[in-house]
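Residue-level listing of the chains:
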Amino acid sequence: MAKIDIKVYKDLMGENEKWAAKTRELLRENDVYMLNIIGSPGCGKTALLENSVRRLEGKLRFAVLEGDVETTRDAERLSALDVTVYQLISGGACHLEAKLVHHALRDLDLDNLDVVIVENVGNLVCPAEFDIGEHGKIAVLSVTEGEDKPIKYPLLFSKAIAVILTKTDLLPHLNFDIDACEDYIRQVNAGMPVLRVAAVTGEGMDRWIAGLVERNFAKRI
Ligand SMILES: Nc1nc2c(ncn2[C@@H]2O[C@H](COP(=O)(O)OP(=O)(O)O)[C@@H](O)[C@H]2O)c(=O)[nH]1
Ligand SMILES: [Mg+2]
């Protein structure tokens, strides 16, 4: 059969990547470190941030961008603790897009910030697929979700720079094998730092706070 030449037009850099690249540039210009926190609804993302606010006082100037499908409830929880927080409403989407995050960042006083933490829309799958220009994704998995989730939903666990296992205060009441969970995480990503945290008691918070301040979660404390 004769070879037919077909003209192909392809968007080499999709719209989302363009905005993510702009955000990376903006963060670089202002020397601001941005993290993208991703995990299922209810895994304890906002509780982790609530517990972090007081501990970071005087150590780090930071702001939070709260992503949700609807409502300003999480932003209200954090603003009650006196931290700069904006609510990003995805309007039905299961993830935040880079453009929305970029516009919110532009409204922040980046000159006077060290770190921006984005709490993505609660979902273990979609947000991992979307680059928002962050320096790193933090995967959050609670001990009530089952230890096999890292191998069932491997994308997030392969892309993240650290995993936080939350609600460890509940372990005595559960059939959750936390060592097996860490093994599953390392099957997906061998060198992954795993932090065990209970936001309600504060246990394990020090390593998370040190990681934020040093912009490095790999170090074992
Ligand atoms: N026992 C326990 N409950 C927690 C912990 N962190 C969060 N929770 C509870 O889990 C529920 C969901 O927490 P939230 O922070 O709203 O989760 P998000 O949807 O991931 O932001 C709330 O009822 C919290 O009180 C924890 O460390 N231990
Ligand atoms: Mg939340």
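Parameters at a glance
Residues numbered from 1 in each chain as written. Chains lettered and ligands numbered in written order. Predicted model: local features only at pLDDT ≥ 70, side-chain atom pairs only at ≥ 80, totals over all residues. Heavy atoms only, no water. Helix = DSSP H or I, 4+ residues; strand = E, 2+ residues; numbered from the N terminus. Rg over C-alpha atoms; globule rule 2.2 N^0.38 Å. Buried < 20%, exposed > 50% of the residue type's maximum accessible area, 1.4 Å probe, protein only. Contact = heavy atoms within 4.5 Å. Donors = N, O, S within 2.8 Å, 3.2 Å for Na, K, Ca; no water. Arc of directions from axis to C-beta. Phe/Tyr/Trp six-rings, centres within 6.5 Å; stacked < 30°, edge-to-face > 60°. Lys NZ or Arg CZ within 6 Å of the ring centre and 35° of its normal. Pairing = 2+ DSSP bridges. Axes fitted to C-alpha atoms, helices over the stretch in contact; angles between N-to-C directions. Near = heavy atom within 4 Å. Polar contact = N/O pair within 3.5 Å; in protein donor to acceptor, adjacent residues only side chain to side chain. Areas by Shrake-Rupley, 256 points an atom, 1.4 Å probe, with all protein chains shown as cover. Nonpolar A, V, L, I, M, F, W, Y, C, P; charged D, E, K, R; others polar.

Undergrad: Could you give an account of the overall build of the chain, with specific residues and numbers?
TA: Helix and strand counts for the chain stand at eight helices and seven strands. Taking 2.2 N^0.38 as the reference for a compact globule, 221 residues should give roughly 17 Å; the C-alpha atoms of the chain span a radius of gyration of 18 Å, in line with that estimate. A principal-axis box enclosing the C-alpha atoms of the chain has dimensions of 70 × 45 × 35 Å. A total of 221 residues make up the chain; the buried ones form 50% of that total. Intrachain contacts of the chain at a sequence separation of at least 6 include 71% that bridge at least 24 residues.

Undergrad: Which residues make up the coordination of the magnesium ion (ligand 2), and what are the values?
TA: All of the protein donors around the magnesium ion (ligand 2) are Thr-46 (OG1), Asp-74 (OD) and Glu-119 (OE); their distances to the metal are 2.1 Å. The sequence pattern describing where the donors of the magnesium ion (ligand 2) fall on their chain is T-x27-D-x44-E. With Thr-46 in helix H2 (residues 45-56) and Asp-74 in helix H3 (residues 73-79), this residue pair connects regions lying 28 residues apart in the sequence. The same class applies to Thr-46 and to Asp-74, which are both buried.

Undergrad: Provide a residue-level description of helix H4 (residues 98-107), including the pertinent values.
TA: Three or more residues of H4 are buried, namely Ala-98, Val-101, His-102, Ala-104 and Leu-105. For H4, the angular spread of the buried residues around the axis is 165°, confining them to a single face. Within H4, the exposed residues directed more than 90 degrees away from the buried face are Arg-106 and Asp-107. Residues of H4 that are buried in the fold lie against helix H1 (15-30), strand E1 (33-39), strand E2 (62-68), strand E3 (84-89) and strand E4 (115-119).

Undergrad: Residues and numbers for the packing of aromatic side chains, please.
TA: Summed over the entire model, instances satisfying the criterion amount to one aromatic pair. Arranged with centres 5.6 Å apart and planes meeting at 20°, the rings of Trp-208 and Phe-217 form a pair that is stacked. Sitting over the face of the ring of Trp-19, Lys-22 holds its NZ or CZ atom 4.9 Å from the ring centroid.

Undergrad: I'd like to hear about the sheet that holds strand E7 (residues 194-196), residue by residue, with values.
TA: Read from one edge to the other, the open sheet built from seven strands follows the order E3-E2-E4-E1-E5-E6-E7, with strand pairing classed as parallel. Strand pairing shows two members of the sheet lacking a second neighbour, E3 and E7, which therefore form its edges. Neighbour to neighbour, the strand axes of the sheet diverge by 20° on average, direction disregarded. In this structure, E1 lies alongside strand E5 (residues 136-142), joined through five bridges in parallel fashion. Residue pairing for E5: Asn-36 is matched across the bridge by Lys-137.

Undergrad: Run through the site of ligand 1, naming residues and quoting values.
TA: Surveying the vicinity of ligand 1 reveals 16 residues, the closest of which are Gly-42, Lys-45, Thr-46, Ala-47 and Asp-169. Between a nitrogen atom of ligand 1 and a side-chain N or O atom of Asp-169, the distance comes to 2.8 Å. Measuring from an oxygen atom of ligand 1, one finds a backbone N or O atom of Ala-199 at 2.9 Å. A total of 580 Å² of accessible area belongs to ligand 1 in isolation, and the protein chains cover 72% of it. Here the residues of the shell around ligand 1 sort into seven nonpolar, four polar and five charged.

Geometric descriptors of this kind do not, in isolation, establish any biological role.
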